[in-house]
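Survey of secondary and tertiary structure
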Amino acid sequence: MRRARHRQLSFVFADNPIGGKGQAASGVPEAKAYLLRIAKDKPTRCLAARAADPYRLLEEVASKPNLAKALLNVARNKGAAGVDGCSVEEVVGSVRRLLPKLRRVLLSGQYRPGDVLRVWITKPGGGQRGLGIPNVVDRWVQQAVLQVLGPIFEPLFHDSNHGFRPHRGAHTAIAEARRYVSEGFAVVVDLDLSKFFDRVHHQRLLSRVGQQVHDRRILRLIHRMLKAKVVLPDGTRVSTAQGTPQGGPLSPLLSNIVLDELDKELHRRDLHFVRYADDCNIFVRSARAGRRVMQSISGFIEHRLRLKVNEAKSSVTCPENLDFLGFRLPRNSEGKVEVHISARAKQRLDTRIRQMTARTWGHSLDSCIKALNRYLGGWAAYFRICTVEGAKVFWRFDAHIRRRLRAIIIHQKKRPRYLYRHLISRGVSPKTAAGTAFRRRGIWKRSNLPGITRAYGNAWFADRLFSLWARWWQFNPSIRASGGQLLLFET
């Protein structure tokens, strides 16, 4: 290991001694319009013929329309700067100068990826996950390679693979898993791969890519990306003998190529499974079959794929205890399979709400609500596929959030007499306001007393605060209340 020398491709900002930061940022709209024009260009007949040749794929990767589309996608995804410190806006703003140089170094074989910046993020279940942030130019190249290789490999992947694929995702994975449980596969073999992205064997990966990609220049390019050195948070620069950086545009495709061998093996054994990235669930009919499948598939993964199964997170369980992509699949009293939020997902949401609605919130209530609305909107969009019984927790979270916001209001008034005057100004009767403001109880208990709930009722929050329950209802308009079951939660 040695201290990192922050290097990037020598051609990037060589013509501008100040790095192009000021000029690049100001020319971003014009540069994006330039990229859109190029991206719409149709390849010439000669280029199209070369692109159809599996031995000449690099020409398609380095074509102007493909590079323009790649940079537009990188700009759309935004993201942080890498080791070189160059932002997405700087690279986009300098595209007129960078694009021809990038094409030249790619076609001549002189392109060398820069170092990858390692950052650590906290995992929901505890521990840390290492992400690799390539430089923007390197993300540009990876995206260009992805756009060419993706259509080659996509038709070859198994239908039960739902991770990082077009028109597939967590919702399609849960739909397939729910179908297997409905068909009577009442036991789930829950497999979790330990540090998958850090354990990918480079030669096995390149061998799998080489079965479909015959342009050895593409293989050398991918090999250089895999071997890019990693800069740790303390500045140490280390080599990588295995693994693919989790964070670049190309890593999801490479992970699917590696695990496609597992998918084919499960299909060969006539097993029903659903896989999303490194989370794989196999559905069988009995616990005995589950234990047998767990043992045999774990051996295949460790000896054939040279990966490792996380025994602490892998188990043979029932669908109602499953935690797959934040969902579980219990049966109701009628025997139908429901979609509920898993216990861990609810715990993560509760923790996040507590963090965002701390009583010591040092800003205005409006800014707190604005931040909550952004977070809850994305959360509701992901968990909208919950069935009726599973979605009732949305209503409970709505009530909990409103109460925590009322607690913030009480805390911000600091003194009982200030709170009393505020409640009076909100139209609360003096007796009710006094019963809340001067009650010798803690803030949390007072946050549910009539004085504060009348001053800030549900109608006041309805115009300002995102409602999980209301949004779920909008996502599921065809569901109707039966026997008044849901009407209680609508009020």
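Provided above is the structure to which this section pertains.
Residues numbered from 1 in each chain as written. Predicted model: local features only at pLDDT ≥ 70, side-chain atom pairs only at ≥ 80, totals over all residues. Heavy atoms only, no water.

Glancing now at the side chain of His158. Of note, His158 is situated in the loop between helix H8 (136-153) and helix H9 (170-182). There is a polar contact of 3.0 Å between the side chain of His158 and the backbone nitrogen of Ser160. One polar contact links His158 to His267, side chain to side chain, over a distance of 3.2 Å. In contact with His158, not counting residues within four places along its chain, are Arg165, Asp260, Asp263, Lys264, His267 and Phe273. (Helix = DSSP H or I, 4+ residues; strand = E, 2+ residues; numbered from the N terminus. Polar contact = N/O pair within 3.5 Å; in protein donor to acceptor, adjacent residues only side chain to side chain. Contact = heavy atoms within 4.5 Å.)

Before going further, it helps to examine helix H15 (residues 343-356). For an α-helix, the turn length of 3.6 residues means that residues three or four places apart are oriented alike. With 14 residues, H15 extends 20 Å from end C-alpha to end C-alpha; this agrees with the ideal 20 Å at 1.5 Å per step. Residues of H15 that are buried: Ala345, Leu349, Asp350, Ile353 and Met356. Along the axis of H15, the buried positions cluster into a sector of 135 degrees, meaning they face one direction only. Opposite the buried face of H15, at more than 90 degrees from it, the exposed residues are Ala343 and Gln355. The elements touched by buried residues of H15 are strand E11 (340-341), helix H16 (365-382), helix H17 (388-412) and helix H23 (468-475). (Expected span 1.5 Å × (residues − 1). Buried < 20%, exposed > 50% of the residue type's maximum accessible area, 1.4 Å probe, protein only. Arc of directions from axis to C-beta.)

Right, let's get into the pattern of salt bridges. Tallied over the entire structure, the rule returns 18 salt bridges. Arg165 serves as the salt-bridge partner of Glu154, at 2.7 Å between the closest nitrogen and oxygen. Of this pair, Glu154 sits in the loop between H8 and H9 while Arg165 sits in the loop between H8 and H9, placing them eleven residues apart in sequence. Since its relative accessible area comes to 22%, Glu154 is described here as partly exposed. The class for Arg165 is buried, based on a relative accessible area of 8%. Residue Arg204 is joined to Glu261 by a salt bridge in which the shortest nitrogen-to-oxygen separation is 2.5 Å. In this pair, Arg204 sits in helix H11 (residues 202-210) while Glu261 sits in helix H13 (residues 251-268), placing the two residues 57 residues apart along the sequence. Within the structure, one salt-bridge network assembled from shared partners comprises Arg56, Glu59, Asp215 and Arg217. (Salt bridge = Lys/Arg side-chain N within 4 Å of Asp/Glu carboxyl O.)

Here we take up the packing of aromatic side chains. Applying the stated rule across the entire model yields 16 aromatic pairs. A centroid spacing of 5.1 Å and a plane angle of 70 degrees characterise the contact between Phe196 and Phe197, whose relative ring orientation is edge-to-face. You can call Phe197 buried: its relative accessible area is 10%. Centre to centre, the rings of Trp469 and Trp472 are 5.4 Å apart; their planes meet at 20 degrees, and the pair counts as stacked. Of this pair, Trp469 and Trp472 both sit in helix H23, three residues apart, roughly one helical turn. (Phe/Tyr/Trp six-rings, centres within 6.5 Å; stacked < 30°, edge-to-face > 60°.)

Just distances and angles here, no functional claims.
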